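# Structural overview
Here is what each chain is made of, one letter per residue.
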Amino acid sequence: MSDRLADVSARIEGIRQLGTVVNAMRGIAGARVQKARDELSAVDAYAQTIAAGLAQILAQVSTEAPPPPERTSKAALVVFGAEQGFAGAFNERVLATIADEVPVPVLFLIGTRGLSHAAERGIAADWTSAMPSHSSGIPKLASDICDALYQRIGAGGVERVTAVFADGSVGAEPTVVRRPLLPLDPATFAGVEHREPPILNLPTRKLLADLTAEYLHALFCEVALHAFAAENQARMTAMAAAHREIDRQIGALRATFRHVRQEQITAEIIELAGGAAASQR
(Lines give C-alpha, C1' and ligand atoms only; values in the text may rest on other atoms or scores of the structure.)
Protein backbone atom coordinates (compact mmCIF):
# COMPACT_ATOMS: atom_id res chain seq x y z
CA MET A 1 0.00 0.00 0.00
CA SER A 2 2.79 2.41 0.89
CA ASP A 3 4.50 1.64 -2.45
CA ARG A 4 1.32 2.58 -4.32
CA LEU A 5 0.96 5.77 -2.27
CA ALA A 6 4.55 6.77 -3.10
CA ASP A 7 3.92 6.04 -6.78
CA VAL A 8 0.85 8.31 -6.85
CA SER A 9 2.82 11.05 -5.08
CA ALA A 10 5.65 10.75 -7.61
CA ARG A 11 3.20 11.02 -10.50
CA ILE A 12 1.62 14.14 -9.00
CA GLU A 13 5.03 15.75 -8.60
CA GLY A 14 6.05 14.82 -12.14
CA ILE A 15 2.89 16.30 -13.66
CA ARG A 16 3.29 19.42 -11.50
CA GLN A 17 6.78 19.92 -12.92
CA LEU A 18 5.42 19.43 -16.43
CA GLY A 19 2.86 22.12 -15.67
CA THR A 20 5.68 24.51 -14.75
CA VAL A 21 7.30 23.91 -18.14
CA VAL A 22 3.98 24.38 -19.93
CA ASN A 23 3.34 27.68 -18.15
CA ALA A 24 6.84 28.89 -19.05
CA MET A 25 6.33 28.03 -22.72
CA ARG A 26 2.96 29.75 -22.68
CA GLY A 27 4.48 32.89 -21.17
CA ILE A 28 7.33 32.99 -23.70
CA ALA A 29 4.90 32.56 -26.59
CA GLY A 30 2.67 35.33 -25.24
CA ALA A 31 5.60 37.74 -24.95
CA ARG A 32 6.66 36.99 -28.52
CA VAL A 33 3.13 37.55 -29.83
CA GLN A 34 2.90 40.93 -28.10
CA LYS A 35 6.32 42.03 -29.34
CA ALA A 36 5.55 40.99 -32.93
CA ARG A 37 2.24 42.86 -32.90
CA ASP A 38 3.93 46.00 -31.61
CA GLU A 39 6.52 45.77 -34.40
CA LEU A 40 3.83 45.21 -37.03
CA SER A 41 2.56 48.77 -36.63
CA ALA A 42 6.05 50.11 -37.32
CA VAL A 43 6.52 47.89 -40.39
CA ASP A 44 3.06 48.90 -41.62
CA ALA A 45 3.92 52.59 -41.37
CA TYR A 46 7.23 51.98 -43.14
CA ALA A 47 5.52 50.15 -46.02
CA GLN A 48 2.96 52.95 -46.38
CA THR A 49 5.73 55.55 -46.52
CA ILE A 50 7.50 53.64 -49.30
CA ALA A 51 4.18 53.19 -51.12
CA ALA A 52 3.62 56.95 -51.02
CA GLY A 53 7.10 57.52 -52.46
CA LEU A 54 6.47 54.94 -55.18
CA ALA A 55 3.21 56.64 -56.11
CA GLN A 56 5.01 59.96 -56.57
CA ILE A 57 7.72 58.37 -58.71
CA LEU A 58 5.18 56.46 -60.82
CA ALA A 59 3.48 59.77 -61.55
CA GLN A 60 6.75 60.97 -63.11
CA VAL A 61 7.10 57.90 -65.34
CA SER A 62 5.51 58.62 -68.71
CA THR A 63 5.63 55.09 -70.11
CA GLU A 64 2.60 52.88 -69.96
CA ALA A 65 2.41 50.24 -67.26
CA PRO A 66 3.10 46.69 -68.47
CA PRO A 67 0.06 44.45 -68.86
CA PRO A 68 -0.69 42.15 -65.94
CA PRO A 69 0.67 38.61 -66.33
CA GLU A 70 -1.72 35.91 -67.44
CA ARG A 71 -2.95 33.30 -65.01
CA THR A 72 -0.89 30.72 -66.87
CA SER A 73 2.38 32.54 -66.17
CA LYS A 74 4.87 30.86 -63.88
CA ALA A 75 3.95 31.39 -60.25
CA ALA A 76 5.81 31.12 -56.98
CA LEU A 77 4.36 30.42 -53.56
CA VAL A 78 6.10 31.57 -50.38
CA VAL A 79 4.62 29.46 -47.57
CA PHE A 80 5.26 30.20 -43.90
CA GLY A 81 5.02 27.17 -41.62
CA ALA A 82 6.00 26.68 -37.99
CA GLU A 83 9.59 26.62 -36.85
CA GLN A 84 9.02 24.74 -33.59
CA GLY A 85 6.60 22.17 -32.25
CA PHE A 86 3.82 22.34 -29.65
CA ALA A 87 1.71 24.51 -31.98
CA GLY A 88 -1.24 22.15 -32.47
CA ALA A 89 -2.44 21.73 -36.05
CA PHE A 90 -0.76 24.95 -37.23
CA ASN A 91 1.25 23.34 -40.04
CA GLU A 92 -1.62 21.13 -41.18
CA ARG A 93 -3.90 24.14 -41.69
CA VAL A 94 -1.25 26.05 -43.65
CA LEU A 95 -0.27 23.13 -45.89
CA ALA A 96 -3.89 22.15 -46.52
CA THR A 97 -4.41 25.43 -48.41
CA ILE A 98 -1.81 24.45 -51.07
CA ALA A 99 -2.72 20.76 -51.28
CA ASP A 100 -4.66 21.28 -54.53
CA GLU A 101 -1.70 23.12 -56.12
CA VAL A 102 0.93 20.40 -55.64
CA PRO A 103 3.29 20.24 -57.42
CA VAL A 104 3.76 24.02 -57.19
CA PRO A 105 5.88 25.55 -60.01
CA VAL A 106 8.17 27.27 -57.50
CA LEU A 107 7.74 26.71 -53.77
CA PHE A 108 9.51 28.62 -51.01
CA LEU A 109 8.90 27.03 -47.62
CA ILE A 110 9.77 28.77 -44.36
CA GLY A 111 9.88 26.93 -41.02
CA THR A 112 11.78 23.79 -40.01
CA ARG A 113 8.78 21.99 -38.53
CA GLY A 114 6.65 23.02 -41.50
CA LEU A 115 9.26 21.53 -43.82
CA SER A 116 9.10 18.15 -42.06
CA HIS A 117 5.30 18.12 -42.30
CA ALA A 118 5.52 19.00 -45.99
CA ALA A 119 7.94 16.10 -46.56
CA GLU A 120 5.42 13.75 -44.93
CA ARG A 121 2.82 14.97 -47.45
CA GLY A 122 5.21 14.47 -50.35
CA ILE A 123 5.61 18.22 -50.95
CA ALA A 124 9.09 19.19 -52.17
CA ALA A 125 10.30 22.78 -51.75
CA ASP A 126 12.63 24.60 -54.14
CA TRP A 127 13.98 26.86 -51.41
CA THR A 128 13.77 26.56 -47.63
CA SER A 129 14.73 28.59 -44.61
CA ALA A 130 14.24 28.48 -40.87
CA MET A 131 11.92 30.93 -39.18
CA PRO A 132 13.84 33.11 -36.68
CA SER A 133 13.25 32.30 -33.03
CA HIS A 134 12.98 36.03 -32.28
CA SER A 135 11.25 38.77 -34.24
CA SER A 136 14.53 40.71 -34.51
CA GLY A 137 15.62 38.16 -37.14
CA ILE A 138 12.66 38.87 -39.43
CA PRO A 139 14.38 41.58 -41.58
CA LYS A 140 17.26 39.20 -42.36
CA LEU A 141 14.78 36.48 -43.35
CA ALA A 142 12.91 38.95 -45.62
CA SER A 143 16.20 39.90 -47.31
CA ASP A 144 17.06 36.23 -47.92
CA ILE A 145 13.64 35.57 -49.44
CA CYS A 146 13.91 38.61 -51.71
CA ASP A 147 17.40 37.62 -52.91
CA ALA A 148 16.26 34.08 -53.70
CA LEU A 149 13.18 35.40 -55.48
CA TYR A 150 15.18 37.79 -57.63
CA GLN A 151 17.37 34.89 -58.76
CA ARG A 152 14.29 32.87 -59.68
CA ILE A 153 12.68 35.80 -61.46
CA GLY A 154 15.82 36.46 -63.47
CA ALA A 155 16.50 32.82 -64.36
CA GLY A 156 13.11 31.15 -64.47
CA GLY A 157 10.71 33.86 -65.55
CA VAL A 158 8.59 33.90 -62.38
CA GLU A 159 6.00 36.63 -62.75
CA ARG A 160 3.55 36.02 -59.93
CA VAL A 161 4.43 35.67 -56.25
CA THR A 162 1.89 34.82 -53.55
CA ALA A 163 2.52 34.54 -49.82
CA VAL A 164 0.62 31.92 -47.81
CA PHE A 165 0.70 32.54 -44.07
CA ALA A 166 -1.37 32.38 -40.90
CA ASP A 167 -2.73 35.66 -39.58
CA GLY A 168 -3.51 35.73 -35.86
CA SER A 169 -4.66 39.34 -35.70
CA VAL A 170 -8.22 38.59 -36.86
CA GLY A 171 -9.35 36.37 -34.00
CA ALA A 172 -8.24 33.93 -31.34
CA GLU A 173 -7.67 31.21 -33.94
CA PRO A 174 -5.09 31.99 -36.66
CA THR A 175 -6.58 32.20 -40.16
CA VAL A 176 -4.61 31.13 -43.23
CA VAL A 177 -4.31 34.01 -45.73
CA ARG A 178 -3.18 34.08 -49.37
CA ARG A 179 -1.69 37.48 -50.25
CA PRO A 180 -0.50 38.32 -53.78
CA LEU A 181 2.76 40.29 -53.62
CA LEU A 182 3.94 40.43 -57.23
CA PRO A 183 3.00 42.07 -59.46
CA LEU A 184 2.31 45.02 -57.21
CA ASP A 185 -1.32 46.01 -56.91
CA PRO A 186 -1.88 49.37 -58.72
CA ALA A 187 -4.75 50.12 -56.32
CA THR A 188 -2.17 50.50 -53.54
CA PHE A 189 -0.80 53.65 -55.19
CA ALA A 190 -3.98 55.00 -56.76
CA GLY A 191 -5.30 56.88 -53.75
CA VAL A 192 -2.09 58.72 -52.87
CA GLU A 193 -2.36 62.48 -53.20
CA HIS A 194 0.21 63.92 -55.63
CA ARG A 195 1.61 67.26 -54.51
CA GLU A 196 4.62 69.06 -55.89
CA PRO A 197 7.00 66.83 -57.89
CA PRO A 198 9.78 65.50 -55.64
CA ILE A 199 13.38 66.59 -56.01
CA LEU A 200 15.28 63.61 -57.40
CA ASN A 201 19.00 62.95 -57.07
CA LEU A 202 18.85 59.60 -58.88
CA PRO A 203 17.60 58.61 -62.32
CA THR A 204 13.88 57.95 -62.18
CA ARG A 205 14.18 54.33 -63.30
CA LYS A 206 16.91 53.58 -60.78
CA LEU A 207 14.93 55.17 -57.95
CA LEU A 208 11.79 53.28 -59.01
CA ALA A 209 13.64 49.96 -58.98
CA ASP A 210 15.21 50.64 -55.56
CA LEU A 211 11.91 51.72 -54.01
CA THR A 212 10.15 48.67 -55.45
CA ALA A 213 12.76 46.36 -53.94
CA GLU A 214 12.48 48.14 -50.58
CA TYR A 215 8.69 47.94 -50.71
CA LEU A 216 8.79 44.20 -51.43
CA HIS A 217 11.19 43.74 -48.51
CA ALA A 218 8.77 45.62 -46.23
CA LEU A 219 5.88 43.43 -47.42
CA PHE A 220 7.82 40.26 -46.61
CA CYS A 221 8.71 41.67 -43.18
CA GLU A 222 5.01 42.28 -42.55
CA VAL A 223 3.96 38.83 -43.76
CA ALA A 224 6.71 37.09 -41.76
CA LEU A 225 5.77 38.98 -38.60
CA HIS A 226 2.14 37.90 -39.03
CA ALA A 227 3.28 34.29 -39.43
CA PHE A 228 5.63 34.57 -36.44
CA ALA A 229 2.89 35.96 -34.22
CA ALA A 230 0.34 33.38 -35.44
CA GLU A 231 2.69 30.47 -34.70
CA ASN A 232 3.26 31.67 -31.15
CA GLN A 233 -0.43 32.35 -30.71
CA ALA A 234 -1.18 28.77 -31.78
CA ARG A 235 1.43 27.62 -29.26
CA MET A 236 -0.29 29.66 -26.54
CA THR A 237 -3.58 27.95 -27.39
CA ALA A 238 -1.97 24.50 -27.32
CA MET A 239 -0.26 25.22 -24.00
CA ALA A 240 -3.52 26.50 -22.51
CA ALA A 241 -5.19 23.22 -23.49
CA ALA A 242 -2.24 21.29 -22.04
CA HIS A 243 -2.51 23.29 -18.80
CA ARG A 244 -6.20 22.39 -18.48
CA GLU A 245 -5.39 18.72 -19.05
CA ILE A 246 -2.63 18.88 -16.43
CA ASP A 247 -5.05 20.40 -13.91
CA ARG A 248 -7.54 17.63 -14.67
CA GLN A 249 -4.93 14.89 -14.23
CA ILE A 250 -3.61 16.40 -10.98
CA GLY A 251 -7.18 16.58 -9.65
CA ALA A 252 -7.77 12.93 -10.54
CA LEU A 253 -4.44 11.86 -9.00
CA ARG A 254 -5.12 13.78 -5.80
CA ALA A 255 -8.47 12.01 -5.51
CA THR A 256 -6.64 8.71 -6.03
CA PHE A 257 -4.06 9.75 -3.43
CA ARG A 258 -6.78 10.47 -0.87
CA HIS A 259 -8.48 7.16 -1.66
CA VAL A 260 -5.23 5.18 -1.32
CA ARG A 261 -4.33 7.06 1.85
CA GLN A 262 -7.73 6.27 3.34
CA GLU A 263 -7.27 2.59 2.48
CA GLN A 264 -3.86 2.66 4.15
CA ILE A 265 -5.26 4.26 7.30
CA THR A 266 -8.13 1.76 7.37
CA ALA A 267 -5.70 -1.15 6.99
CA GLU A 268 -3.55 0.24 9.83
CA ILE A 269 -6.59 0.60 12.10
CA ILE A 270 -7.72 -2.95 11.33
CA GLU A 271 -4.20 -4.19 12.02
CA LEU A 272 -4.02 -2.33 15.36
CA ALA A 273 -7.49 -3.56 16.34
CA GLY A 274 -6.51 -7.13 15.49
CA GLY A 275 -3.32 -6.84 17.52
CA ALA A 276 -5.21 -5.44 20.52
CA ALA A 277 -7.79 -8.24 20.37
CA ALA A 278 -5.07 -10.84 20.18
CA SER A 279 -3.25 -9.41 23.20
CA GLN A 280 -6.47 -9.44 25.25
CA ARG A 281 -7.02 -13.10 24.40
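Scroll up to find the structure this text is about.
Residues numbered from 1 in each chain as written. Predicted model: local features only at pLDDT ≥ 70, side-chain atom pairs only at ≥ 80, totals over all residues. Heavy atoms only, no water.

### Looking at the side chain of Thr162
The condition is simple: By the criteria applied, helices consist of DSSP H or I runs no shorter than four residues and strands consist of E runs no shorter than two, each listed in order from the N terminus. Only protein chains enter the accessibility calculation, which uses a 1.4 Å probe; a residue is then buried when its area is under 20% of its type maximum, exposed when over 50%, and partly exposed in between. Whether two residues are in contact is decided by their heavy atoms: any pair within 4.5 Å suffices.
Structurally, the position occupied by Thr162 is in strand 4 (residues 160-167). Exposure remark for Thr162: the relative accessible area of 14% places this residue in the buried category. Ignoring any residue separated from it by four or fewer positions in sequence, one finds Thr162 in contact with Ala76, Leu77, Val78, Arg178, Arg179, Pro180 and Leu181.

### Focus: empty space enclosed by the protein
Put simply, the rule reads: Lining residues are those with an atom within 4 Å of a point, where the points come from a 1 Å grid over the protein atoms alone and group into cavities, where a 1.4 Å probe fits but cannot get out, or pockets, open sets with protein on both sides within 12 Å along at least five of seven lines. Grid points are joined across faces, edges and corners, and a volume is the space filled by probe spheres set on the points. Throughout this entry, Asp, Glu, Lys and Arg are counted as charged residues, while Ala, Val, Leu, Ile, Met, Phe, Trp, Tyr, Cys and Pro are counted as nonpolar. The remaining residues, Gly among them, count as polar.
Under the defined criterion, the tally for this structure stands at two cavities of 30 Å³ or more. Quantified by volume, the largest cavity comes out at close to 50 Å³. The wall of the largest cavity is formed by Arg32, Glu83, Gln84, Met131, Pro132, Ser133, Phe228, Glu231, Asn232 and Arg235. The element that contributes the greatest number of residues to the lining of the largest cavity is helix 6 (residues 204-280), accounting for four residues. Partitioned by chemical class, the residues of the lining of the largest cavity number three nonpolar, three polar and four charged. Its volume calculated, the second largest cavity comes out at about 40 Å³. If you go around the second largest cavity, the residues you meet are Arg37, Leu40, Asp167, Gly168, Ser169, His226, Ala229, Ala230 and Gln233.

### Notes on the nonpolar core
Rules: Nine residue types can take part in a nonpolar core, namely buried Ala, Val, Leu, Ile, Met, Phe, Trp, Tyr and Cys, and a core is a set of them joined through side-chain atoms within 4.5 Å.
Ranked by size, the top nonpolar core spans 45 residues in total, and within it Val78, Phe80, Met131, Ile145, Val161, Tyr215 and Phe220 carry the most contacts. For this core, the elements supplying multiple residues, two or more each, are helix 1 (2-60), strand 1 (75-80), strand 2 (106-110), helix 4 (138-156), strand 4, strand 5 (175-182) and helix 6. A total of 15 residues in this core trace back to one element, the largest contributor, which is helix 6. By size, the runner-up hydrophobic cluster in this structure holds 17 residues, among which are Ala87, Leu107, Ala118 and Ile123.

### Topic: unusual backbone geometry
Across the junction of Leu182 and Pro183, the peptide omega takes the value -5 degrees, indicating a cis bond. Note that Pro183 resides in the loop between strand 5 and helix 5 (187-190). The backbone phi angle of Phe86 is positive, close to 60 degrees, even though this residue is not glycine. Among the secondary structure elements, Phe86 is positioned in the loop between strand 1 and helix 2 (90-96). Overall, the relative accessible area of 57% leaves Phe86 in the exposed class.

### Looking at the environment of Ala125
Summarising the element assignment, Ala125 is placed in the loop between helix 3 (112-120) and strand 3 (127-129). Apart from residues no more than four positions distant in its own chain, Ala125 is found in contact with Leu107 and Leu109.

### A closer look at the pattern of salt bridges
Short version of the rule: Counted as salt bridges are all cases of a side-chain nitrogen of Lys or Arg within 4 Å of a carboxyl oxygen of Asp or Glu.
On inspection of all chains with the given rule, the structure shows eight salt bridges. Its salt-bridge partner being Asp210, residue Lys206 comes within 2.6 Å of it at the nearest N-O pair. One end of the pair, Lys206, and the other, Asp210, are both in helix 6, four residues apart, so they sit about a helical turn from each other.

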